[in-house]
Amino acid sequence: MENTRNHGYPDGFDALIDEIRSRLLPALVSKWGIEVGSDLCSEVEEYAWEYRRKVIAMENPLGYLYRVAQSKSRSHVRWMNRNTFPSRFPDVVHEDMQLHDTLQMLAGLNPDQRVCVMLVHAFGWTYAEVADLLGVTRAVVNHHVHRGIARLRSTAFTDPLLSPSTATTLPLEEQS
Amino acid sequence: MNHPHESQELDDVLGRAGDYLMRRTAEYRETPVVMNVRPISTRRGKRLLVGTAAAATLCVTALAGSFIGGTSSGKVDVAKAAWSAIPSAPTDDLIKQTKNNCHITNETLAGYEGATVATFPQDMLDPALIDVRGTTTTAVYFTPSHAVLCVQFADGSVSVNDMPMGPNDGNDGNGWKTPGTITVKIDGNDGTESFMATMIVGYLPDGENWDPYIKVDGIETVAATKSERWGRYIAWIPGEVSGLVAMVNKLTDEGFDLPFGPEEEAPVQLSPETTIETKVSDQGVVTPLGDPATTVSPGD
């Protein structure tokens, strides 16, 4: 018998697509970069359309679709060897140096730290929401956020004049 | 322990990073990105929405910046020249302004052919390619042996450079030539830092529906501006870079890569001193100063 429950999506597929674009896309872009993240989002939308009844009926469709994106990312990253999160941002280097440096340092975080830091500190998600999406516990999100932020602080905002003995500015190559 | 203002500063810059990523994502997807509307009860939520609005304003400002020009305001703040990986379409006004400011004439093109006088067809006196990236517009003219690149900055000032580029006789055995590059050094004003840029001009393969993309390690893919009529393309990237031009056929999904690298010659200097002063009359006629015999009507 067909399952007709629409958990949280009374408007059906259109509402799900809105959620994918407004909630899942920032997570995918934070983890895999603008190009691969956007392409994965399009693939996830196709998948969601193909299996719409099943997906809409799920308790946590975005979490499920995030796992779908994770599976599909392998073809982009391993086989096509595409750049994921870029390490150079020439369009902002002369406009906003602080933003440029921060983007470069974000590129140096591991992908899970980056997605947790961005969702919590840039997109305003709660730890519980991030945990639901990634399918991990809040403790894991907490760990990723704190490790990521500590790393950004250690490279971004250490004032060598104030604390010369603790300055730990790492070259980007070493961070990754 | 970190100071509260450090946390605030980090939150602010991460907010800007999020806005930047979503703005670039919207450009890549060529669709507006819908930010999720959430209850605004926290400082972070407020900042998120303010940040989004600020990004939208910045985007509009950057676009408006592309349309500024035609008259010179003196110094060129080229250090703030914006760049984008995906070019925007030039407006009719921008095309007219670029033509007027570049002021490419029969005599200009004749100089690249080693002649003093020559008459070129009208379509060679018009830009074959106009590449708009942020506030920087590059118009490319072709002579039988050269590509003439006229770079126009946000305030309408221009700098003209050239690179050898003959007809596409397929002399590298593939039926098309490898892309040509020219490295330019763009001066900043008032002591601001100068920066290098690599301009890439090349030929499209035979047939239609080929899209050229520039791939450089560490940078998102750059879309080139192409003209199927001329069978050529142009793109530029900040920095002295090497990489690949990836040709992709929209219809067949065929593709191949062509390597490019920085030229070995010393970089050309693009400095604000090359500004062409212009005067606009009440009737809208733009007259380049210093060349009173030449008058260009905006309707041309």
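Note that the coordinates shown come from a computational prediction; the quantities given were computed from them, not determined experimentally.

**Q** Mind showing me how you'd approach the overall build of chain A here?
**A** A count of helices and strands for chain A gives eight helices and zero strands. When the helices and strands of chain A are read in sequence order from the N terminus, they spell out α-α-α-α-α-α-α-α. The buried share of chain A, reckoned over its 176 residues, is 41%. Nonlocal contacts in chain A, meaning residues at least 24 apart in sequence, comprise 62% of its contacts between residues at least 6 apart.

**Q** Got a minute to help me understand the pairing of strand β10 (residues 232-238) of chain B in this structure?
**A** When a strand is regular, its side chains alternate between the sheet's two faces. Residues and elements named next belong to chain B. Burial within β10 is extensive, with seven of its seven residues counted as buried. Burial along β10 is two-sided: Arg232, Ile234, Trp236 and Pro238 and Tyr233, Ala235 and Ile237, pointing in opposite directions, are all buried. Pairing geometry for strand β6 (residues 195-203) and β10, over seven bridges, is antiparallel. In the sheet register, tyrosine 203 faces β10, and the bridge partner there is arginine 232. Pairing geometry for strand β9 (residues 225-227) and β10, over three bridges, is antiparallel. If you follow lysine 226 over to β10, its bridge partner there is tyrosine 233. Linking β9 to β10, which pair antiparallel, is a turn of four residues; within it glycine 231 sits at a positive phi near 70 degrees.

**Q** Could you clarify how one ought to interpret the nonpolar core in this entry?
**A** Proteins that are soluble and globular tend to have nonpolar side chains buried together. In this structure, Leu24, Leu28, Leu65 and Leu119 of chain A together with Ala17 of chain B are the most contacted members of the largest nonpolar core, which totals 50 residues. Breaking this core down by element, the ones donating at least two residues are α1 (13-50), α2 (52-56), α3 (61-79), α4 (97-108), α5 (111-122), α6 (127-134) and α7 (138-156) of chain A together with α1 (4-29) of chain B. Once you skip the residues sitting within four places of it in the chain, leucine 65 of chain A turns out to touch Ile20, Leu24, Val44, Ala48 and Val55 of chain A. Within the second largest apolar cluster, 42 residues are counted, among which are Leu109, Ile237, Val245 and Phe260 of chain B.

**Q** Looking at this structure, how should I read the sheet that holds strand β8 (residues 222-223) of chain B?
**A** Pairing between sheet strands relies on hydrogen bonds along the backbone, with the strands arranged either parallel or antiparallel. Residues and elements named next belong to chain B. Read across the open sheet, the four strands follow the order β8-β7-β11-β12; overall the sheet is antiparallel. Edge positions in the sheet fall to β8 and β12 (255-260), since each has one partner strand and no second. In this sheet, strand β11 (residues 243-249) lies alongside strand β7 (residues 210-215) in antiparallel orientation, the contact comprising six bridges. Bridged to isoleucine 214 within β11 is valine 245.

**Q** How should I be thinking about helix α3 (residues 92-102) of chain B in this particular structure?
**A** Two residues of an α-helix separated by three or four positions point the same way, owing to the 3.6 residues in each turn. Leu94, Gln97, Thr98, Lys99, Asn100, Asn101 and Cys102 of chain B are the residues of α3 of chain B that are buried. Phi turns positive one or two residues past the end of α3 of chain B, at histidine 103 of chain B, with a value near 55 degrees.

**Q** Honestly, the interface of chain B and chain A in this entry has me stumped. Any pointers?
**A** One frequently used descriptor of interface size is the decrease in accessible area upon assembly of the parts. Each partner contributes to the interface: chain B provides 41 residues, whereas chain A provides 35 residues. Elements with a contribution of two residues or more to the side of chain B that touches chain A: α1, α2 (43-66) and β10 of chain B. Broken down by element, the residue count for the side of chain B that touches chain A peaks at 17 residues, all from α1 of chain B. Here the side of chain B that touches chain A is built from residues that sort into 20 nonpolar, 11 polar and 10 charged.

**Q** What am I meant to see in the packing of α1 of chain A against α5 of chain A here?
**A** Each pair of packed helices gets described by two things: the angle between the helix axes and the distance between those axes. Residue and element names in this part refer to chain A. Closest axis-to-axis distance for the α1/α5 pair is 8 Å, and the angle between their directions is 140 degrees. Relative to α5, the element α1 lies oblique. Here the hand of the crossing between α1 and α5 comes out right-handed. Of the residues in α5, those touching α1 at Pro26, Ala27, Ser30 and Lys31 are Pro111, Arg114, Val115, Met118 and Leu119.

Calculation notes
- Residues numbered from 1 in each chain as written.
- Chains lettered and ligands numbered in written order.
- Predicted model: local features only at pLDDT ≥ 70, side-chain atom pairs only at ≥ 80, totals over all residues.
- Helix = DSSP H or I, 4+ residues; strand = E, 2+ residues; numbered from the N terminus.
- Buried ≥ 20, exposed ≤ 12 C-beta atoms within 10 Å, placed from the backbone.
- Contact = placed C-beta atoms within 7 Å.
- Pairing = 2+ DSSP bridges.
- Core = buried A, V, L, I, M, F, W, Y, C linked by C-beta atoms within 7 Å.
- Nonpolar A, V, L, I, M, F, W, Y, C, P; charged D, E, K, R; others polar.
- Axes fitted to C-alpha atoms, helices over the stretch in contact; angles between N-to-C directions.
- Parallel < 35°, antiparallel > 145°, perpendicular 65-115°, else oblique.
- Left-handed = near helix turned anticlockwise from the far one by under 90°.

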